[in-house]
Amino acid sequence: MEKHDHKHHQDEPTGLAGHKHSTDPVKRKAELLREGEFYRAGITYAKAQVKHGARPEVMLHSALDQATWALRARADALLKPTGTSIAVLMPYALTAFNFVRQRRLVKPALAGAALIGVASWYMKKRRAQRAL
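An account of the accompanying structure is given in this report.

The rules behind these values
For every chain, the first residue of the written sequence is number 1, and numbering continues from 1 along that sequence. The predicted origin of the model limits local features to residues at a pLDDT of at least 70 and limits the giving and counting of side-chain atom pairs to 80 or more, whereas totals for whole chains, interfaces and linings rest on all residues. Side-chain calculation: all heavy atoms of the structure are included, whereas hydrogens and water are not. To qualify as a helix, a DSSP run of H or I must reach at least 4 residues; to qualify as a strand, a run of E must reach at least 2; elements of each kind are numbered from the N terminus. Multiply 1.5 Å by the residue count of a helix minus one, and that product is the helix's expected span. The seven residues ending at a residue and the seven starting there each receive a fitted axis; the angle between those axes is the bend at that residue. Partly exposed describes any residue whose relative accessible area lies between the buried limit of under 20% and the exposed limit of over 50%, with all areas from a 1.4 Å probe on protein chains only and scaled to the type maximum. In this scheme, patches are assembled from residues that exceed 30% relative accessible area and form no salt bridge. Like charges are connected within 9 Å, while nonpolar side chains (Val, Leu, Ile, Met, Phe, Trp, Tyr) are connected within 5 Å. Per-residue and other accessible areas were derived by the Shrake-Rupley procedure at a 1.4 Å probe size, with only the shown protein chains allowed to occlude residues. What counts as a salt bridge is simple: a side-chain nitrogen of Lys or Arg found within 4 Å of a carboxyl oxygen of Asp or Glu. Only the stretch in contact is used when a helix axis is fitted, and all axes are lines through C-alpha atoms; the angle between N-to-C directions ranges over 0 to 180 degrees. For this classification, under 35 degrees means roughly parallel, over 145 means roughly antiparallel, 65 to 115 means roughly perpendicular, and everything else is oblique. Residues count as neighbours in contact if any of their non-hydrogen atoms are within 4.5 Å of one another. Three residue categories are used. Nonpolar comprises Ala, Val, Leu, Ile, Met, Phe, Trp, Tyr, Cys and Pro, charged comprises Asp, Glu, Lys and Arg, and polar comprises the others, including Gly.

Notes on helix α3 (residues 86–102)
Each α-helix turn comprises 3.6 residues. Residues three or four places apart therefore point the same way.
Link 1 in the chain: Its 17 residues give α3 an end-to-end C-alpha distance of 23 Å, which sits within 8% of 24 Å, the value for a rise of 1.5 Å per residue.
Link 2 in the chain: In the structure, α3 departs most strongly from a straight axis at Tyr 92, where the bend amounts to approximately 25°.

Written out as structure tokens, the structure reads:
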């Protein structure tokens, strides 16, 4: 039988990023100081990010972005069967919105949209009853 050398090899010291440290104490000290500077800079940056993110206007802006993204994703999911998307319809919607706003037809347009919504809900409900 062979005899295996069970001598434990001490792993070389590694830095935060997993790189090998020098065995020379002077170089190792310089490497550790440099790593400390990078670590402190990272902590300072993270603190600044948290402080910036905690400001009320930034939180409101983030919440609005999230809500807008969610609504757009939902609208795109609803429009997917038609082969279109919000990005395609947006120029037309803005043109129509500007036309309605300039002609002061906002209330009639809202009433029309509500009627269309009620009619589509009724048709969907009626289709669901027929399917049963």
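Here's the deal with unusual backbone geometry
Link 1 in the chain: Phi is positive for Arg 104, which is not a glycine, with a value near 55°.
Link 2 in the chain: Following the sequence through the fold, Arg 104 ends up in the loop between α3 and α4 (106–131).
Link 3 in the chain: Since its relative accessible area comes to 75%, Arg 104 is described here as exposed.

A closer look at a nonpolar patch on the surface
Link 1 in the chain: On the surface, Val 118, Trp 121, Tyr 122 and Met 123 cluster together to form a nonpolar patch covering roughly 460 Å² of accessible area.
Link 2 in the chain: In this structure, Val 118 sits in helix α4.
Link 3 in the chain: Its relative accessible area of 52% is what places Val 118 among the exposed residues.

As for the packing of helix α2 (residues 56–79) against α3
The axes of two packed helices give the description: the angle between them and the distance between them.
Link 1 in the chain: Relative orientation of the contacting elements α2 and α3 amounts to 100°, with a least axis distance of 10 Å. Judged on the interaxial angle alone, α3 and α2 are roughly perpendicular. Here Arg 72, Ala 75, Asp 76 and Leu 79 of α2 come into contact with α3, specifically with Ile 86, Ala 87 and Leu 89.
Link 2 in the chain: Class assignment of the residues belonging to the contact of α2 with α3 gives a composition of five nonpolar, no polar and two charged.

Shape is all these values report; function is a separate question.
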